[in-house]
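Observations on the three-dimensional arrangement
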Amino acid sequence: MIALLRTELIKAVRRTRTLVILAALIGLPIVISLAVNARSDRRPDRGEGLFRLASQSGLVVPAAILMMTSAFLLVIIAGTVVGDAVAGDAATGNLRYLLLRPVSRTKLLIAKAAVSTLLVWVATAVVALTGLVAGVVLFGWHGISVPFSVSDTGAGVGFDLTAGQLLARLAFGTAYVAFGFTALVAIGTFFSTLTDGASGAIAATVGVYIVSEILDAITDLGSLRYGLPTHYRTAWVDSITANSFSGDLKAGVIVQVVYALVFFSAAIVWFRRKDIRS
Amino acid sequence: MTTEAIAEVSHLTKAFGTVAAVEDLSFAVRPGEVCGLLGPNGAGKTTTLRMLVGLIAPSSGTATLFGTTVHAGCPELLRVGAMVEQAAFVPHLSGMTNLRLWWEAGGGRLHDADLDGALAIAGLGDAVHRKVRTYSQGMKQRLGFARLLLARPELLILDEPTNGLDPAEIKEIRNLVHRLADHGAAVLLSSHHLAEVEQTCSEVVVMSRGRLVASGTVDELRSSGATVRIEVDDRTAAAGVLRSLPAVGKVEIDGPELVVQLRDGRRSDLVAALVMAGVRVESVTATRDLEDVFLGLVDQSEQLRTSQAGQSGQSSRETR
């Protein structure tokens, strides 16, 4: 299993595409930080609240960038990595040669999903770290004072967060955002086993997330939205803007785990039975 | 005593939806044999090879390697070197890294593999350290051979192995196959190049539309059918006479000659029939290469199928 993990990791890391993605992950937070620095119009509503607070401390900048990139850039990157995992190998014909070794298909799929997950986590961490460095350079390393909290439930009393507390909540937010891609990795792995064309698997994976975001915006759907993989995507933001850890965090984790179990099980069942004709 | 088969398929059938790619196919490959799998495009050769290495699951029947039923990822694959269709690699990695990762993915360490021998066969020199995306098709095929030889395989399964190779490389591969067979390995090789099969293989399995058409040694197959070239004064009349004979499969006019595929019977029967019909026979030449036999067998198989389909359709209409 370790050999398979190593093989998959080397294949994924030594791609030109990986370097391009890395450059984007480093470059974009710097651009956003500069934009925040230049911005004068700041409104205290949710999400926007993170950007408003970002000018108070460089420790909030990476949180704002994480919230922004987790809606699209990281989704594209995660979809690309995971959609390509099986289908990309199938497209080059390499999959059939890999399966000519006495390799368990289940283990191979686990290795591919594990490497995809690791890369998504690393991508999320790179965004956070780059944002942190850019934020501290531009806005300094210190705590924040929030005159009134801003959350889904409305405005509350003000509070202070020390630099240490902010750093801990940033780490928590980064972990939550990274874990929030668990469903996407499982869905993408499943799609990747269905097709021998990586672009189709990538498009389908990203498409699911876009559709999920659109559906989540339709409030008339009511509680149905609670089951969408993106519904709790920003639940961690309240830990900074409202100094609270809501029940949405637990619900978000549960939703991710359920999607992961369902789609990864489906991927294993399908891949074990699949005729390799590529 | 019959030597135990290294690879065997028994009543192997594979259907994709309603299309039967392989139907009730049975044959075996024994140590030291070089078995050619022949058939036109769509005959089911690649599907058969894929079932033999666990890439495709049979709909029914069994495929066995070293006496064990094949399944995806079975341990017997360690004893097999296979090249299914074109050699494929991770394009952004070097040839050497591809070999190492492929080998290690199966749980082995590269120094346990026959790396030196494999690289000598590949003959890529320093190019083995270049990214595979810079390789020509021939270089990829040679690297593919290096990969399948890493395990010192007891069975080689080669699907159109000389595609993309130049004549010198093809000869090199042919010699390699013979060397491996001399050392007791078995080889199962599919190819469109009938002359190559004739020169390389000791046994032949002929497939058409997923079914076994014939099998045996190359010499047995050569003697099972023949093509006769007949030079006559009136080709049209002669063709009509010959087509009416049950012993004749196919008759074609080729320049001054008629090319006649014999199902059975003797050449003298053809001559007698032509003379009786008043056709002057100038010369009769028997050609007996594998290509003629192969084409004759496939043609017979097609005719048989058409005939069966016609009878089946008629029977169906009568039932209604």
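Being a predicted model, the structure only gives us computed values, none of them experimental.

**Describing the sheet that holds strand β2 (residues 19-29) of chain B**
Residue and element names in this part refer to chain B. In spatial order, the strands read β2-β1-β4-β5; together these four strands make up an open sheet with antiparallel pairing. Each end of this open sheet is capped by a strand with a single partner; those strands are β2 and β5 (68-69). As paired strands, strand β1 (residues 7-16) and strand β4 (residues 60-65) are joined by five bridges and run antiparallel to one another. Residue pairing across strands places Glu8 opposite Thr64, the latter belonging to β4. Contacts between helix α1 (residues 45-52) and the sheet are confined to β1, β2 and β4, with β1 contributing the most and set at about 120° to the helix.

**A look at the confidence of the model for chain A**
Mean pLDDT for chain A: 89, with 93% of residues reaching 70 or above. Every residue in residues 42-47 of chain A scores below 50 in pLDDT, and together they form 15 contacts with partners more than four places removed in sequence or on other chains.

**Some words on the nonpolar core**
Leu50(A), Val60(A), Ala64(A), Ala78(A), Val53(B), Ile157(B) and Val187(B) are the most contacted members of the largest nonpolar core, which totals 159 residues. Ranked by the residues each element gives to this core, the list is headed by helix α7 (residues 105-139) of chain A, at twelve residues. A domain-level breakdown of this core finds at least three residues from each of domain 1 (7-215) and domain 2 (222-310) of chain B. With residues up to four places along the chain from it excluded, the contact list for Val60(A) reads Leu50(A), Leu53(A), Ala54(A), Ile144(A), Leu166(A) and Ile240(A). In this structure, Val232(B), Leu242(B), Val251(B) and Leu262(B) belong to the second largest nonpolar core, which totals 14 residues.

**A short note on the pairing of strand β6 (residues 80-83) of chain B**
Residues and elements named next belong to chain B. Alternating positions in β6 separate into two faces, Val80 and Ala82 on one and Gly81 and Met83 on the other, with burial throughout. Bridging between β6 and strand β7 (residues 155-159) involves four bridges; their strand directions are parallel. Each residue of the ladder has a partner; that of Met83, found in β7, is Leu158.

**Here's the deal with the interface of chain A and chain B**
Of the residues lining the interface, 24 residues belong to chain A; the matching set on chain B comes to 26 residues. Mapped onto the side of chain A that touches chain B, the elements with two or more residues apiece are α1 (2-13) and α6 (94-98) of chain A. No other element matches α1(A), which puts five residues into the side of chain A that touches chain B. Residue composition of the side of chain A that touches chain B, grouped by class: ten nonpolar, six polar and eight charged.

**Quick word on the confidence of the model for chain B**
Of all residues in chain B, 90% attain a pLDDT of 70 or more, and the chain-wide mean is 84. Scored as a complex, the prediction yields pTM 0.81 and ipTM 0.82.

**As for helix α10 (residues 198-217) of chain A**
Residue and element names in this part refer to chain A. With 20 residues, α10 should reach 28 Å at 1.5 Å per residue; the first-to-last C-alpha distance of 29 Å fits that figure. Listing the buried residues of α10 in full gives Ala198, Ala201, Ile202, Thr205, Val206, Val208, Tyr209 and Ser212. The arc that holds every buried residue of α10, seen down its axis, measures 135°, which confines them to one face. Exposed residues lying more than 90 degrees from the buried face of α10 are Gly207, Ile214 and Ala217. Those residues of α10 that are buried lie in contact with α5 (73-92) and α9 (182-194).

Rules and cut-offs
Residues take numbers from 1 onward in each chain, read along the sequence in its written order. Each chain takes a letter, starting from A, and each ligand takes a number, starting from 1, following the order in which they are written. In keeping with the model being predicted, local features are shown solely for residues with a pLDDT of at least 70 and side-chain atom pairs are shown and tallied solely at 80 or more, while totals for entire chains, interfaces and linings include all residues. Here the rule is simple: two strands pair whenever DSSP picks up at least two bridges between them. In this description a helix means any DSSP run of H or I spanning at least four residues, a strand means any run of E spanning at least two, and both kinds are numbered starting from the N terminus. Our contact criterion uses C-beta atoms placed from the backbone: two residues qualify when those atoms are within 7 Å. A fitted line through C-alpha atoms represents every axis, and for helices the fit uses only the stretch in contact; the resulting angles, taken between N-to-C directions, go from 0 to 180 degrees. For every residue, the predictor states its confidence as a pLDDT score lying anywhere from 0 to 100. Here, a nonpolar core means buried Ala, Val, Leu, Ile, Met, Phe, Trp, Tyr and Cys residues linked by C-beta atoms lying within 7 Å of one another. Burial is judged by counting the other C-beta atoms within 10 Å of a residue's own C-beta: 20 or more makes it buried, 12 or fewer makes it exposed, and any count in between marks it as partly exposed, with every C-beta position built from the backbone. Domain start and end points were adopted from an automatic or database domain assignment. Charged means Asp, Glu, Lys or Arg here, nonpolar means Ala, Val, Leu, Ile, Met, Phe, Trp, Tyr, Cys or Pro, and polar covers whatever is left, Gly included. Any helix carries an expected span of 1.5 Å times its number of residues minus one. Each C-beta atom gives one direction from the helix axis, and the arc is the one those directions make.

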